[in-house]
Amino acid sequence: MIKCDAACSVCSAEPSREKALMRVPGVCNGGDDDDDDNEIVSHILEEKINVSLDPDTAHPNLILSEDRRRVTWEEKPRDLPDDPQRFVSLPCVLGQQVISSGRRYWEVEVGDIGAWDLGICRDNVMRKGRVFLKPQDGFWAIRLYNNEYWALTSPETQLTPKKHPARVCIFLEYEDRRISFYNMTDKFHIHTFNQCLFYGSLRPFFRLWSADSGHLTICPVSETAQPDDDPHRVPTPVLGTSYNLPD
């Protein structure tokens, strides 16, 4: 188990009622020694963003729903105008939102489809020619392919989630140069990229592989408003120490 020190920013967050308990293996838990790798840690709620898909970036084989929250593979490519923002080499699409600061998260329904990539990328990544999905080229993503999960590091890192995630949470901490992925099916941590070299604006990143991929659906922000708060702001996960929440 990884232990933190007194200066750990993860564990310095103040307690709050608005926490979601999530099981995160091998992360700091206030410096307490614990033999159980699956410690329960709290996630402080901050800001979930309302992500929509950018049609100008969508590969010709990808079809977006009218509300731009769902992407589906279409076997026959569409005849689209040339656009420098559009992915041509790989069937990818980006989120409309540009992120350059703060903590942000969004969730994606992946269901039981067999192949996908999810994550973030720099706004200025290559869309044409030979595109490599790795941090050195501005992509931080995880992949499901052939029933295997991978972090797209260089070289790739195989992941072993306990359960197939039907919904994935992507959590970006820009100033901390960190992006984490969570399985919202069993509330377990999947993978974290640390010390990321973001270099400017970032955008949510999505990829499908073929007609067998099915579709990816971005989950809408909860309609439930917090008192004296914007109705579109809901809690965002941030790792911290675990607490027993009052009823």
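Our structure's up above, just so we're on the same page.
Quick caveat: nothing in here was measured; it's all calculated off a predicted structure.

### Section: the overall build of the protein
Alright, step 1. For the protein, the count of helices and strands is zero helices and 16 strands.
Alright, step 2. Counting across all 247 residues of the protein, residues that qualify as buried make up 48%.
Alright, step 3. Sequence-distant contacts in the protein: of pairs separated by 6 or more residues, those separated by 24 or more amount to 66%.
Alright, step 4. For the protein, the exposed surface amounts to about 12300 Å²; the carbon and sulfur share of it is 47%.

### Considerations on the pattern of salt bridges
Alright, step 1. Considering all chains together, one arrives at eleven salt bridges under this definition.
Alright, step 2. Linking Arg-103 and Asp-176 is a salt bridge whose minimum nitrogen-to-oxygen distance equals 3.6 Å. Of this pair, Arg-103 sits in strand 6 (residues 103–109) while Asp-176 sits in the loop between strand 11 (167–173) and strand 12 (178–183), and the two are 73 residues apart along the sequence.
Alright, step 3. The partly exposed category is assigned to Asp-176, whose relative accessible area is 29%.
Alright, step 4. Where Asp-123 meets Arg-203, a salt bridge forms, and the shortest distance between an N and an O atom there is 3.1 Å. Taken together, the residues Asp-123 in the loop between strand 7 (116–122) and strand 8 (139–145) and Arg-203 in strand 14 (residues 202–208) connect sequence positions 80 residues apart.
Alright, step 5. Overlapping salt bridges bring together Arg-103, Glu-173, Asp-176 and Arg-178 as one network.

### As for the pairing of strand 15 (residues 215–218)
Alright, step 1. Summarising the sheet, strand 4 (residues 70–73) and strand 15 pair through three bridges and their orientation is antiparallel. The partner of Thr-72 across the bridge, within strand 15, is His-215.
Alright, step 2. Pairing between strand 6 and strand 15: two bridges, direction antiparallel. Note that in strand 15 the partner of Val-108 across the bridge is Ile-218.

### Concerning the environment of Pro-155
Alright, step 1. Relative to the helices and strands, Pro-155 is located in the loop between strand 9 (148–151) and strand 10 (157–159).
Alright, step 2. Taking C-alpha positions, Pro-155 is 8.6 Å from Lys-134, a pair spaced 21 residues apart along the chain.

### What about the sheet that holds strand 5 (residues 92–94)?
Alright, step 1. Ordered by their spatial adjacency, six strands build an open sheet running 5-14-7-8-9-10, and the pairing between neighbours is antiparallel. With partners counted over all chains shown, the strands left at the sheet margins are strand 5 and strand 10, one partner each. Looking at each pair of strands side by side, their axes are set apart by 20 degrees on average, direction ignored.

### Here's the deal with the packing of aromatic side chains
Alright, step 1. Counted by the stated rule, this structure contains six aromatic pairs.
Alright, step 2. Three or more aromatic residues joined by ring pairs make a cluster, and in this case those are Trp-140, Tyr-174 and Phe-198.
Alright, step 3. Against the face of Phe-132 rests Lys-134, its NZ or CZ located 5.4 Å from the ring centre.
Alright, step 4. Over the ring of Trp-209 we find Arg-207, and its NZ or CZ is 3.8 Å from the ring centre.

### Focus on the nonpolar core
Alright, step 1. Among the nonpolar cores identified, the biggest contains 38 residues, and Trp-106, Trp-116, Ile-120, Ile-179, Phe-206 and Leu-216 are the most heavily contacted of them.
Alright, step 2. In contact with Trp-106, not counting residues within four places along its chain, are Ile-49, Val-51, Ile-99, Gly-119, Ile-120, Val-168, Cys-169, Ile-170, Pro-204 and Phe-206.

### A short note on the pairing of strand 9
Alright, step 1. The side-chain alternation of strand 9 yields one buried face, formed by Tyr-149 and Ala-151, and one unburied face, formed by Glu-148 and Trp-150.
Alright, step 2. From the end of strand 8 to the start of strand 9, which pair antiparallel, there are two residues, and Asn-146 there has a positive phi angle of about 55 degrees.
Alright, step 3. Sheet topology note: the strand 9/strand 10 ladder contains three bridges and is antiparallel. Along strand 10, the bridge assignment pairs Ala-151 with Thr-157.
Alright, step 4. Hairpin connection from strand 9 to strand 10: five residues lie between these consecutive antiparallel strands.

Analysis parameters
Here the residue numbering is sequential within each chain, running from 1 through the sequence in written order. Given that this is a predicted model, residues contribute local features only at a pLDDT of at least 70 and side-chain atom pairs are listed and counted only at 80 or more, while totals for whole chains, interfaces and linings are drawn from all residues. The basis for every side-chain value is the complete set of non-hydrogen atoms in the structure, without hydrogens or water. Secondary structure elements follow DSSP: runs of H or I no shorter than four residues count as helices, runs of E no shorter than two count as strands, and numbering proceeds from the N terminus. Per-residue accessibility, obtained with a 1.4 Å probe over protein chains only, is compared with the maximum for each type, and a residue is labelled buried under 20%, exposed over 50%, and partly exposed between these values. Working rule for contacts: check all heavy atoms of both residues, and any pair within 4.5 Å makes them a contact. In short, Shrake-Rupley with a 1.4 Å probe defines the accessible areas, and a residue's cover is counted only from the protein chains shown. Here a salt bridge means any side-chain nitrogen of Lys or Arg lying within 4 Å of a carboxyl oxygen belonging to Asp or Glu. Pairing between two strands requires that DSSP report at least two bridges joining them. Each axis is a line fitted through C-alpha atoms, and for a helix only the stretch in contact is used; angles between axes span 0 to 180 degrees, taken between their N-to-C directions. Stacked, tilted and edge-to-face pairs are distinguished by plane angle, under 30 degrees for stacked and over 60 for edge-to-face with tilted covering the rest, among Phe, Tyr and Trp rings (Trp via its six-membered ring) whose centres lie within 6.5 Å. Counted as over-ring charges are cases with an Arg CZ or a Lys NZ within 6 Å of the ring centre that also lie within 35 degrees of the ring normal. Residues enter a nonpolar core if they are buried and are Ala, Val, Leu, Ile, Met, Phe, Trp, Tyr or Cys, with the set joined through side-chain atoms within 4.5 Å.

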